[in-house]
Amino acid sequence: MNQKLMRLKTLLRFHTPCRHLHSLRQRTRAHWMHSFPSAYPVGTAQLYVPPWQTDMLIGTALSQYRFLSTKKKERTRKPQLSPTKPKTELEVWRGMTVKELAGAMNKDIDYIYEALLNTTINIDSLEADSHLDDIWIKEVIKKTGMKLRWSKLKQDKVRVNKDAVKRPPADPALLTPRSPVVTMMGHVDHGKTTLLDKLRKTQVAAMEAGGITQHIGAFLVSLPSGEKITFLDTPGHAAFSAMRARGAQVTDIIVLVVAADDGVMKQTIESIQHAKDAQVPIVLAINKCDKPDADPEKVKKELLAYDVVCEDYGGEVQAVPVSALTGDNLMAVAEATIALAEMLELKADPTGLVEGTIIESFTDKGRGPVTTAIIQRGTLRKGSILVAGMCWAKVRLMFDENGKTINEAYPSMPVVIVGWRDLPSAGDEILEVESESRAREVVDWRNFEKEQEKNKEDLKIIEEKRKEHQEAYQKARAQYGSLHWKKISYKKYLDRKKQNILKPKEKLERVSNVLPVIVKGDVDGSIEAILDIMDTYDVSHECELELIHFGVGDISENDINFAEIFNGIIYGFNVNVSNVIQQSAARKGIKIKLHKIIYRLIEDLKEELSSRLPCLVEEHKIGEASILATFFITEGKKKVPVAGCRVQKGQLEKQKKFKLIRNGHVIWKGSLTSLKHHKDDTSVIKTGMDCGLSLDGEKVEFKVGDEIICYEEKEIPAKTSWDPGF
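Everything numeric here is computed off the predicted structure, so don't read it as measured data. (Residues numbered from 1 in each chain as written. Predicted model: local features only at pLDDT ≥ 70, side-chain atom pairs only at ≥ 80, totals over all residues. Heavy atoms only, no water.)

Asker: Which parts of the structure should I look at to understand the overall build of the protein?
Answerer: Helices and strands together make up the secondary structure of the protein, namely 19 helices and 31 strands. Within the span of the protein, comprising 726 residues, buried residues form 40% of the whole. Considering only contacts in the protein between residues 6 or more positions apart, those separated by 24 or more positions represent 71%. Surface summary for the protein: the accessible area is close to 43100 Å², and the carbon and sulfur share equals 52%. (Helix = DSSP H or I, 4+ residues; strand = E, 2+ residues; numbered from the N terminus. Buried < 20%, exposed > 50% of the residue type's maximum accessible area, 1.4 Å probe, protein only. Contact = heavy atoms within 4.5 Å. Areas by Shrake-Rupley, 256 points an atom, 1.4 Å probe, with all protein chains shown as cover.)

Structure below.
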């Protein structure tokens, strides 16, 4: 076989010189025939080859032979097998994206797609940021001829932890006595704020919307004995569970207020649990003892079931019967609190960098972001640089709970701080740092950590979605089986068409079954409480509740734009709306609903959700008749079944709807084609009258004893089944 190939190559190399020789021969022959036309016969001329032409042919052949000999010698000098180049080693890691793999291979992204074309992976679903399984990474590298090497997880440049942390515990010699921080807790409307008003000689309860506390308040109360107590007043409503928990975490003592006429209620039990979780001692204040039906002993006995044992029953909890309305025995509550504080030996370090906790935060028009905080260590002064959560501040102004400007705030002292760059969240820890640059460094680090956590969560979600998509893709491929590719393409086209194209009515139903809302509140704690309630929404199958935006502060033009884009409703809690914003909302058809009581807002939200639900249809019976006989009449070429009936109750109206009942089961629903009394057509048959009727159902057969019910359908508004817990 190899010899034949060599011969063929030799012939191909001789092809060109032979073609030149043949052309030269033809021209020479023509010239010679023209010069000697009669010297030789034609046949002799064809056989004759001049000597000079033969020499040229031999010379050309020898030249080509020398050329071939030289080539053969060069071939013999070359080694038979050229050394193979070593494969390029490529370092990859698990979870690589398409873009990362293309970059590692120095290829473009299209190359990766081409390498995965004839595999089971869905190319259409791959994006540049899509993560690839190990099997597909191996497949791509295999097709490039490279060598695979797995590396450890890809690691970004390690950043040094720049976060601010609390100082080590202070030297006991530096500690000085401090005032106790006392939190008033209990069920709604049991008199916590009224009790505190009497101690402070204020009228806070009278100014509250709906007569209930909806914010956490911090107050410094000076007693006649000279002692000072910082009181935190927490809301008792079920909606403010997070506020109560936050109050319990920063307090030294909890005053549990229980009404003597109501006894232990739901939020009372929750407050006891908060105290146990925070390991804070309790002082029991049994309020409303001035009422005729008050029973303090009943309260003490009920509390035994929750491990709150009063001193009268051999426990350690001090129980003080009081009346916040009349002011009876109020000082006894304060004295019990001071006595417990002395037993606890409360001390703090007033030197060094400040540490504290934000109790509440809100945005003020003239001051910007404002926070109420409790100082726990150090002394806060103007110009201090603070960090809380993702925000930092240079303290410009400080106020006490009465709005008076102060220059210093000591441990256990409530203070209002102005100077925040952004609004921190209630419950954030306050730490003082050395400079503004250090504060920015801390905030940058915390934002970086938050972003890293979010990336991990997103990656986990993406991986779960990818697996779901892969399973769905494999399932879809299994359905196609061995179908021809044209049929598979057509089937995919029909599936896409079914998913994408919605009728106008279906689109309307889909839009009406979603309620987008925007929530604005006066303080961070209010927003927190409303969002906690919305988190309990668990009937998305009825109507989807979609929170598209929330924030602290008055309703702005930005909120109106959000609501217009998403066709949503704006709910405001204790906030204001300017005339300009109201006019803008009216022009764009945006609803703005303002409330000052939280449970009114939730009731309004429930009504709005209910309005999005399809109406329920109720049947109202108009008349009832029994079938006494059946027969047929001829109409054209058809035989029509007719029932002879007698009306037992109400009346039969031809324009209404009817149903046929047999043995308690409905076997037909529809309308009548005819209703006659004797031989006359009629529209109404009353009780006791006989009639003949026929139905619009051709295959329906009557039987003696069946019942005919005449009814009408009425639509009634549906109500959401969501129960927010109050």
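Here the narrative resumes.
Asker: Looking at this structure, I do not really get the packing of helix 17 (residues 557-566) against helix 18 (residues 579-588). What am I missing?
Answerer: For any two helices packed against each other, one specifies the crossing angle of their axes together with the interaxial distance. Packing of helix 17 against helix 18 brings their axes to within 10 Å, and their N-to-C directions diverge by 10 degrees. The pairing of helix 17 with helix 18 is recorded here as roughly parallel in orientation. The way helix 17 lies across helix 18 gives a crossing that is right-handed. Residue-level contacts link E557, I560, N561 and E564 of helix 17 to I581, S584, A585 and K588 of helix 18. Residue composition of the contact of helix 17 with helix 18, by class: 3 nonpolar, 2 polar and 3 charged. (Axes fitted to C-alpha atoms, helices over the stretch in contact; angles between N-to-C directions. Parallel < 35°, antiparallel > 145°, perpendicular 65-115°, else oblique. Left-handed = near helix turned anticlockwise from the far one by under 90°. Nonpolar A, V, L, I, M, F, W, Y, C, P; charged D, E, K, R; others polar.)

Asker: Explain the pattern of salt bridges to me, please; I cannot follow it from the model alone.
Answerer: Pairing between side chains of opposite charge can happen when their charged atoms approach one another. Here the structure, examined in full by the defined rule, presents 31 salt bridges. Notably, a salt bridge pairs K593 with E608, separated by 2.8 Å at the nearest N-O pair. Taken together, the residues span a long stretch of sequence, with K593 in strand 22 (residues 591-595) and E608 in helix 19 (residues 598-611) at a distance of 15 residues. Judged by its relative accessible area of 19%, K593 falls in the buried class. Residues participating in the shared-partner salt-bridge network are R167, D349, E355 and R377. (Salt bridge = Lys/Arg side-chain N within 4 Å of Asp/Glu carboxyl O.)

Asker: Is there a simple way to explain the packing of helix 16 (residues 524-534) against helix 19 in this structure?
Answerer: Packing of helix 16 against helix 19 brings their axes to within 11 Å, and their N-to-C directions diverge by 40 degrees. Both helix 16 and helix 19 take part in a crossing whose hand is right-handed. Two secondary-structure elements touch here, helix 16 through A529, I530, I533 and M534 and helix 19 through I598, L601, I602 and L605. Split into classes, the residues belonging to the contact of helix 16 with helix 19 amount to 8 nonpolar, no polar and no charged.

Asker: Is there a simple way to think about the nonpolar core in this case?
Answerer: Here is a general trend for soluble globular proteins: nonpolar side chains tend to be buried in one another's company. With 26 residues, the main nonpolar core has L195, F231, V255 and A285 as its most contacted residues. Residue assignment for this core shows that the elements contributing at least two residues are strand 4 (181-186), helix 7 (192-200), strand 5 (217-222), strand 6 (228-233), strand 7 (253-259), strand 8 (282-287) and helix 12 (330-344). The element that contributes the greatest number of residues to this core is helix 12, accounting for 7 residues. If you look at the next biggest cluster of nonpolar residues, it comprises 24 residues, including V517, I533, V539 and L605. (Core = buried A, V, L, I, M, F, W, Y, C linked by side-chain atoms within 4.5 Å.)

Asker: Explain the sheet that holds strand 19 (residues 514-521) here, please?
Answerer: In a beta sheet, neighbouring strands pair by backbone hydrogen bonds and run either parallel or antiparallel. Taken in spatial order, the 4 strands of this open sheet run 20-19-21-22, and their pairing is parallel. In this open sheet, the two edge strands, each paired with only one partner strand, are strand 20 (544-552) and strand 22. When strand polarity is set aside, the average angle formed by the axes of neighbouring strands in this sheet is 20 degrees. Alignment of strand 19 against strand 20, held across 8 bridges, turns out to be parallel. Considered in strand 20, the bridge of V517 is made with L547. (Pairing = 2+ DSSP bridges.)

Asker: I keep staring at the packing of aromatic side chains and nothing clicks. Help me out?
Answerer: Counting across every chain of the model gives 2 aromatic pairs. When the centroid spacing of 5.6 Å and the interplanar angle of 40 degrees are considered together, the rings of W445 and F448 count as tilted. Of the two residues, W445 and F448 both sit in helix 13 (residues 436-480), 3 residues apart, roughly one turn of that helix. For K107, the ring lying beneath its charged end belongs to Y111, and the centroid distance is 5.0 Å. Here the basic side chain of K659 rests over the ring of Y711, its NZ or CZ set 5.3 Å away from the ring centre. (Phe/Tyr/Trp six-rings, centres within 6.5 Å; stacked < 30°, edge-to-face > 60°. Lys NZ or Arg CZ within 6 Å of the ring centre and 35° of its normal.)

Asker: For this particular structure, what's the right way to read the sheet that holds strand 15 (residues 391-399)?
Answerer: Taking strand neighbours around the barrel as the criterion, the 6 strands line up as 11-12-17-15-14-18 in a closed arrangement whose pairing is antiparallel. Strand-to-strand, the axes of this sheet are offset by a mean angle of 50 degrees, without reference to chain direction. Bridge count between strand 11 (residues 355-364) and strand 12 (residues 368-377): 9 bridges; the pairing is antiparallel. When the bridges of strand 12 are listed, E355 appears paired with R377.

Asker: Please explain the side chain of S584 as it appears in this structure.
Answerer: Tracing the backbone through its elements, the reader meets S584 in helix 18. Residues contacting S584, with those up to four places away along its chain left out, are E557 and I560.

Asker: Explanation requested: helix 11 (residues 296-304) in the structure shown.
Answerer: An α-helical turn contains 3.6 residues, so any two residues separated by three or four positions project in the same direction. Among all positions of helix 11, only V299, K300 and L303 are buried. The buried residues of helix 11 occupy an angular sector of 100 degrees when the element is viewed end-on, so they sit on one face. Its buried side turned inward, helix 11 meets strand 7, helix 10 (266-278), strand 8 and strand 9 (318-321). (Arc of directions from axis to C-beta.)

Asker: Would you take a moment to explain helix 17 for this structure?
Answerer: For helix 17, the set of buried residues is D559, I560 and A563. Projection of helix 17 onto a plane perpendicular to its axis shows the buried side chains occupying an angular sector of 100 degrees, all on one side. Where helix 17 is buried, its residues touch strand 19, strand 20, strand 21 (569-573), helix 18 and strand 22. Once helix 17 ends, the next one or two residues include N567, with phi positive near 55 degrees.

Read these as spatial facts, not as claims about activity.
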